[in-house]
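Residues per chain are reported as follows:
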Amino acid sequence: MQTQSRSGASKGTSPLFGSMKGATGPLIGLILLCAFLTVATDTFFSVRNFLNILDQITVLGIMAVGMTFVILIGGIDLAVGSVMALTMMVLGYLNVELGVAMGIAIPASLAAAALNGLVAGILITRFNVPAFIATLAMMSITRGLANMITNGQQIIGFPAWFNMSAIIRYGGFLTLTVALMLVVFVLGLLYQRYRYGGRALYAIGGNPEVARLAGINVTLMTVMVYVVCSVLAGVSGIVLGARLDSVQPSSGVGYELDAIAAVVIGGTSLSGGTGGIGGTVIGVLIIGVLRNGLNLLSVSPFMQQVVIGAVIVLAVTAETFRKRK
Amino acid sequence: MTAPAPILSLRAIRKSYGSVEVLHGVDLDIFPGEVVALLGENGAGKSTVSNVISGTVQPSSGDMTWLGASYAPASPRAAMDAGVGMIHQELKLLPQLSIAENVFVGRYLMKGGRIDRKAMEDRAQAGLKRLGLDIPPSRLVEGLSTANQQLIEIAKALTLNARLLILDEPTAALGGDETQLLFRQIERLKADGVGIIYISHRLEEIRQIADRIIVMRDGAKVQEFDRGDVPVRAIVESMVGRSLDRMFPAVPSPSDEVTLDVRGLTSPTNTFRDISFSVRKGEVFGIAGLMGAGRTELVRAITGADPIARGTVMLDGQDITPRSPIEAIRNGMVLVPEDRKLQGVVLDHSIAENIAYANLPELTRGGWITARRLNAFADGFIQKFGVKGQGHQNAGELSGGNQQKVVLAKWLARNPRVVVLDEPTRGIDVGARSSIYELIMDLARSGVSVIVVSSDLEEVLGVSNRIMVMAQGKQAGILDRKDANDVSIMELATL
């Protein structure tokens, strides 16, 4: 009986509606980081630099949304970097080598990405392969396929508008790629908070057996989550292709770890069931601002890796500490 | 009888967390060779007392004496070294290691810098022998029955020369035979002069095993009985602090109309075979049997949670044999599962969300769900079922009884035709049980067919119109309320 009276005062975190609640720590971190960089450099605090940062995080941002869904259900997807490369190569091959119009080549390349997620999802749900292993295998297979398309060569020669979509700032500030990322963020947030499926993800991540007994189609949802994550990885690949005006099969190596880092920094638990897109957006911004700031401070790229590693540790320990209290 | 010196004495033990005192000066003596039952509702302070003795929690004030000397264990290890063996409710054995390794885990016997496997196995064997267990100590723990695992925990404590054992709900996962086996070993230990503190919710077995009974309520000792065979009612009244008019509400009479008809149901693994029964509208149908009789598997199969090899489930004459929980739920058949914490609620999600999880389609308008709609929906059920908590609180903060109400609420929102409750009051304190029973009767009165699986005989007898007894996967018989008593059920269950 005591447990009931005691609990009245404490405020439970609401993973569904409070997708930002769990991210207050990261948000404070982001604000402190910006404040520090504003003081430490002359160039950080300017509209121009902020637009730069937005441009730089588009690829990571889109990919991290899909990764958030996967981690929310207690899974992991190591294949996103490879899926990204495969999508880029399929797009380049169709458009440049075969002359297929972009309007067809883009959906077709995304279909290839979706197929990857479908295979991973089926391995995980039907054959009970642990997500880590299934996506590790897909990571290798997909990377190999991406390389096979051109035997490891890059492809250039996309239509001019493709590259321009990442360069021209409409209304003085929004490139098409940044706009795309913002749309993905908003759709992700709305889905997670207000759609049947979004809410079911939390139930599955919290406890798959409870979710199954509650009549949620856990198998289907799990497969769909991997498909969506792969498609978003594909979209981020197309964005990267637009930014570089070329595609190469070695793109995206190690991106899966950046995406996982962004999700974890944003407060989503690797054990599933808590966190969300709101936190991930902040996690992506922290990584983007940090890289940008370290460049402005002329910190070497090697040192940057050390700093980002330290930030991951800091974010996760701060979260654990807060929970224990 | 001469009075020997107690093994352990507690004097005026108090414990506070911040400004909240949870133990208000407890006195306790444990003598060699006796079983002292420590009883009380959840939150009465039993666990705190056992944690103080076993060194997990340090008292704020008061003295303890162990074999005549002052005793203040700073850690569980210190208590273990002194001779206190704490056997937790959840077994803490490592399934992939051998029995001997489990016994000596963390304190491996060494010889010449290497682990002395032989010595460990010999000493583990001695411990097992003392309990009359004939299992080779080199065997892996995985696959041993729960009762045997329990005994290995005890053997572990004995190998560490425990003089005092604290058994926390040792029979919670045991069937009747296994319980008797455990009791015989406890008798042996008593003869050896070991003192035992026995914590349990099962009051019937206390009569059988306890030499003395200490009842706690709200962090204080409220009553002490100098013998074990005290009427259950007297103990319960002392535990809840009021006299009980009746433990069980009146059972309503069902209509003649059959709702659920199960025909020849058999599981793919033969955990249950050829089960046939029917449940009428408004009937409470009890299923009794020993642990491992296949009761849980049967009701999980009926509600689509486990596969069915043969047989049919008919609802209102229609074959609806479910292949998944989704199919069963669509037909209005819902399960309140056995393990609340693993299958019933998501502990670190809020009450409102837990209630919503089974009702997401109903809460959706054109694909969208809003916080306001969800909270209003949940609040309605929180009030209706008297859940002592608010929608935003995490389910893990609630007591067992209130968690169970949350599980019930999430299903009853769907107006089910058949509700299956598997061990509905396990781990729930006596006071909260009656409100669960009331809910069951309300369901029956409203025409729902209710199936109650329970290992608690008194409970099955108290709530059911009819009782099916299962034994080793087969149905041993169906008893009418007027013919059923603990003897007739046990006769069938041990067939």
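Residues numbered from 1 in each chain as written. Chains lettered and ligands numbered in written order. Predicted model: local features only at pLDDT ≥ 70, side-chain atom pairs only at ≥ 80, totals over all residues.

Caption draft 1: Representation of the overall build of chain B in the model. Assigned secondary structure in chain B consists of 18 helices and 22 strands. Relative to the globule expectation of 23 Å for 495 residues, the C-alpha radius of gyration of chain B, 24 Å, shows essentially globular dimensions. Considering only C-alpha atoms, chain B reaches an extent of 70 × 50 × 50 Å along its principal axes. Buried residues in chain B amount to 49% of all 495 residues. Of the contacts formed within chain B by residues at least 6 apart in sequence, a portion of 67% connects residues at least 24 apart. (Helix = DSSP H or I, 4+ residues; strand = E, 2+ residues; numbered from the N terminus. Rg over C-alpha atoms; globule rule 2.2 N^0.38 Å. Buried ≥ 20, exposed ≤ 12 C-beta atoms within 10 Å, placed from the backbone. Contact = placed C-beta atoms within 7 Å.)

Caption draft 2: View of the overall build of chain A. Along its length, chain A carries 14 helices and 2 strands. Taken over C-alpha atoms, the radius of gyration comes to 20 Å for chain A, in line with the 20 Å a tight globule of 325 residues would show. Taken over the C-alpha atoms alone, chain A extends approximately 70 × 55 × 35 Å along its principal axes. Put simply, chain A has 325 residues, and 51% of those count as buried. The contacts in chain A between residues at least 6 apart in sequence include a share of 77% that link residues at least 24 apart.

Caption draft 3: Representation of unusual backbone geometry in the model. One non-glycine residue with positive phi stands out, namely Glu169 of chain B, at about 50°. Among the secondary structure elements, Glu169 of chain B is positioned in the loop between strand E9 (164-168) and helix H6 (176-191).

Caption draft 4: A look at helix H14 (residues 371-384) of chain B. All names here are of chain B. End to end, H14 covers 20 Å across 14 residues, agreeing with the expected 20 Å (1.5 Å per residue, within 8%). In this structure, the buried residues of H14 make contact with helix H12 (351-356), helix H13 (360-363) and helix H15 (400-412). In the stretch just after H14, Gly386 is the one whose phi turns positive, near 60°. (Expected span 1.5 Å × (residues − 1).)

Caption draft 5: Main features of the interface of chain B and chain A. Counting residues at the interface gives 36 residues for chain B, matched by 32 residues for chain A. At the level of elements, helix H10 (325-330), helix H11 (340-344), H13 and H15 of chain B are the ones that each hand at least two residues to the side of chain B that touches chain A. The residue inventory of the side of chain B that touches chain A, partitioned by class, reads 17 nonpolar, 14 polar and 5 charged. (Nonpolar A, V, L, I, M, F, W, Y, C, P; charged D, E, K, R; others polar.)

Caption draft 6: Structural detail: the domain arrangement of chain B. Residue and element names in this part refer to chain B. Splitting chain B by domain gives domain 1 (8-240) and domain 2 (258-493). Placing a centre on the C-alpha atoms of domain 1 and another on those of domain 2 gives a separation of 33 Å. At the junction of the two partners, domain 1 supplies 10 residues and domain 2 supplies 8 residues. Counting only elements with at least two residues in the side of domain 1 that touches domain 2, the list comes to H6 and helix H8 (232-240). Among the residues making up the side of domain 1 that touches domain 2, the classes are represented as 4 nonpolar, 3 polar and 3 charged. (Domains from an automatic or database assignment.)

Caption draft 7: Main features of the sheet that holds E9 of chain B. All names here are of chain B. Reading across from one edge, E6-E9-E10-E3-E11-E12 is the order of the 6 strands in this open sheet, with mixed pairing throughout. A strand with exactly one partner marks an edge of an open sheet, and here the two such strands are strand E6 (84-87) and strand E12 (220-225). Neighbour-to-neighbour, the strand axes of the sheet open up by a mean angle of 20°, direction not taken into account. Across 4 bridges, strand E3 (residues 35-39) lies against strand E11 (residues 212-217) in parallel orientation. Note that in E11 the partner of Leu38 across the bridge is Ile214. Most of the contacts of helix H5 (residues 146-159) go to E6, to which it runs at about 165°, and overall it touches E6 and E9. (Pairing = 2+ DSSP bridges. Axes fitted to C-alpha atoms, helices over the stretch in contact; angles between N-to-C directions.)

Caption draft 8: Expanded view of the nonpolar core. In terms of nonpolar packing, the biggest core is built from 171 residues, with Met63 of chain A together with Val450 of chain B touching the most fellow members. Among the elements that make up this core, the one with the highest residue count is helix H11 (residues 218-244) of chain A (16 residues). If we skip the residues at most four places from it in the chain, Met63 of chain A touches Val80, Leu232, Ala233, Ser236, Tyr255 and Ala259 of chain A. Ranked by size, the runner-up nonpolar core spans 67 residues in total, among them Leu8, Ile30, Ile166 and Leu174 of chain B. (Core = buried A, V, L, I, M, F, W, Y, C linked by C-beta atoms within 7 Å.)

Caption draft 9: Structural context of the confidence of the model for chain A. When the pLDDT values of chain A are averaged, the result is 89; 93% of them are 70 or greater. In this model residues 1-19 of chain A is a low-confidence stretch, pLDDT under 50, and it forms 46 contacts with partners more than four residues away in sequence or in other chains. (pLDDT = per-residue confidence, 0-100.)

Caption draft 10: Seen up close, the confidence of the model for chain B. Residue and element names in this part refer to chain B. Residues of chain B with pLDDT of at least 70 account for 97%, and the chain-wide mean is 86. Confidence, expressed as mean pLDDT per element, reaches its minimum in chain B at H8 with 77 and its maximum at strand E14 (residues 275-280) with 96. Interface confidence in the predicted complex, given as ipTM, is 0.74; pTM for the same model is 0.75.

Caption draft 11: Main features of the environment of Leu144 of chain B. Residues and elements named next belong to chain B. With respect to the helices, strands and loops of the structure, Leu144 is situated in the loop between helix H4 (117-130) and H5. A tally of 18 C-beta atoms within 10 Å means that Leu144 is categorised as partly exposed. Spatially, the C-alpha atom of Leu144 lies 35 Å from that of Ile329, the residues being 185 residues apart in sequence.

Caption draft 12: View of the sheet that holds strand E4 (residues 61-66) of chain B. Residues and elements named next belong to chain B. Within the open sheet, the 4 strands sit side by side as E2-E1-E4-E5. Their pairing is antiparallel. Edge positions in the open sheet fall to strand E2 (20-30) and strand E5 (69-70), since each of these has one partner strand only. Bridge count between E4 and E5: 2 bridges; the pairing is antiparallel. Directly across from Trp66, in E5, lies its bridge partner Ala69.

Caption draft 13: Region of interest: the environment of Gly117 of chain A. All names here are of chain A. Secondary-structure assignment places Gly117 in helix H5 (residues 102-126). Exposure remark for Gly117: the 29 C-beta atoms within 10 Å place this residue in the buried category. For the pair Gly117 and Val225, spaced 108 residues apart in sequence, the C-alpha to C-alpha distance is 8.2 Å. With near-sequence residues (within four places) excluded, Gly117 lies in contact with Tyr226, Val227, Cys229, Ser230 and Val231.

Caption draft 14: Here's a closer look at the packing of helix H4 (residues 80-97) of chain A against H11 of chain A. All names here are of chain A. The geometry of H4 relative to H11 is characterised by a closest axis approach of 8 Å and an angle of 55° between their N-to-C directions. The pairing of H4 with H11 is recorded here as oblique in orientation. The handedness of the crossing between H4 and H11 is right-handed. Between H4, through Val80, Val83, Met84, Ala85, Thr87, Met88 and Leu91, and H11, the contact on the second element is made entirely by Cys229, Ser230, Ala233, Gly234, Ser236, Gly237, Ile238, Leu240 and Gly241. Here the contact of H4 with H11 is built from residues that sort into 10 nonpolar, 6 polar and no charged. (Parallel < 35°, antiparallel > 145°, perpendicular 65-115°, else oblique. Left-handed = near helix turned anticlockwise from the far one by under 90°.)

Caption draft 15: Local environment of the pairing of strand E1 (residues 8-17) of chain B. Residue and element names in this part refer to chain B. Examined bridge by bridge, E1 and E4 share 5 bridges and lie antiparallel to one another. Looking at E4, one finds that Arg14 is bridged to Ser61. The pairing of E1 with E2 spans 8 bridges and is classified as antiparallel. Opposite Ile13, over in E2, you have Val26 as the bridge partner. Between E1 and E2, which pair antiparallel in sequence order, lie 2 residues; one of them, Gly18, sits at a positive phi of approximately 60°.

Caption draft 16: Spotlight on the pairing of E12 of chain B. Residue and element names in this part refer to chain B. Relative to E12, E11 runs antiparallel, the two being bridged by 5 bridges. Across the sheet, the residue bridging to Arg217 is Ala220, located in E12. Linkage of E11 to E12, two consecutive antiparallel strands, is achieved through a turn of 2 residues, within which Asp218 is found at a positive phi near 50°.

Caption draft 17: Broad picture of the packing of helix H3 (residues 47-72) of chain A against helix H8 (residues 176-194) of chain A. All names here are of chain A. Closest axis-to-axis distance for the H3/H8 pair is 9 Å, and the angle between their directions is 35°. Where H3 crosses over H8, the two elements pack in a sense that is left-handed. Note on element contacts: H8 touches H3 through Thr177, Val178, Met181, Val184, Phe185 and Gly188, opposite Leu54, Asp55, Thr58, Gly61, Ile62 and Val65.

Caption draft 18: Quick look at helix H9 (residues 196-206) of chain A. The element H9 of chain A is extensively covered by neighbouring structure, given that 9 of its 11 residues are classed as buried. Buried residues along H9 of chain A sit against H3, H8, helix H10 (208-213) and H11 of chain A together with H12 and H13 of chain B.

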